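Fold and geometry: a report
Listed below, chain by chain, are the residues.
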Amino acid sequence: MSIPEEIDLHTLSLSPLFVGLNQDELNTLIETSRIHEVEDGADVVIEGDPGESMYLLHDGEVSIEKRSGSGERVEITRLHRRGDFFGEMVFVDVLPRSATVRANPYARLIEFPLDVLRSFFENNRDAHLTVMLNMTRVLSKRLRAANEQIADLKREEPEPGE
């Protein structure tokens, strides 16, 4: 297998997911991936569906949306930097997708199917540890940001009786 020309390996090596991997590990991972061109407004993953892959943003932008209790779609965040990733929760739990991810306006994504990643990690233990630590750091950062958003919303709530 070879790496598609349109993939910028140098930039991807700086992705928060891949920092610390050597060039051979990164090449092997990218060689086993799939490229997707996603048009404006098209869903990449849908909340409630089973998760079987994680994705890395190569170009463009995606919005992460969650359905509220009333069924309204609420944008949680946007990913727009090359190397941003989503769908990593497939490694943490076997629950359905927690949000919908939509190209907004367009995205070129690198898909890493879970079975391919598991096989890669079985043969590359050091890379597995590096990627999992990187993923944990990003998840922690996201959780801290979510905590701040929740705290801000709580501060904005009117006191009972107001």
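Just above sits the structure.
These notes cover the structure that comes with them. This one's a predicted model, so the numbers in the text were calculated from it and none came from an experiment.

On to unusual backbone geometry. With an omega of 10 degrees, the peptide bond running from Asn104 to Pro105 counts as cis. Its place among the elements puts Pro105 in strand S6 (residues 100-113).

With that settled, consider the environment of Asp40. On the secondary structure map, Asp40 appears in the loop between strand S1 (34-38) and strand S2 (43-45). Distance in space between the C-alpha atoms of Asp40 and Ala146 is 26 Å, their sequence separation being 106 residues. Once residues within four sequence positions are removed from consideration, Asp40 is found in contact with Ala103, Asn104, Pro105 and Tyr106.

This part takes up helix H2 (residues 23-31). Side chains that are three or four residues apart share a direction in an α-helix, a result of its 3.6 residues per turn. Buried within H2 are the following residues: Glu25, Leu26, Asn27, Leu29 and Ile30. Taken together, the buried residues of H2 touch helix H1 (9-13), S6, helix H3 (114-123) and helix H4 (125-156). Its side-chain oxygen 3.0 Å from the backbone nitrogen of Asp24, Asn22 forms the N-cap of H2.

What counts and what doesn't
Per-chain numbering applies: the sequence of each chain, read as written, is numbered from 1 onward. Reporting of local features is limited, given that this is a predicted model, to residues whose pLDDT is at least 70; pairs of side-chain atoms are given and counted only at 80 or more, and all residues count toward the totals for whole chains, interfaces and linings. Each side-chain value is derived from all of the structure's non-hydrogen atoms; neither hydrogens nor water enter the calculation. Here a helix means four or more residues in a row that DSSP labels H or I, a strand means two or more in a row labelled E, and each is numbered from the N terminus. Any two residues whose heavy atoms approach within 4.5 Å are treated as being in contact. Relative accessible area decides the class of each residue, using a 1.4 Å probe on protein chains only: under 20% of the type maximum gives buried, over 50% gives exposed, and in between gives partly exposed. Polar contacts, as used here, are pairs of N or O atoms within 3.5 Å; protein pairs need one atom able to donate a hydrogen and one able to accept it. Residues neighboring in sequence count only if both atoms are side-chain atoms.

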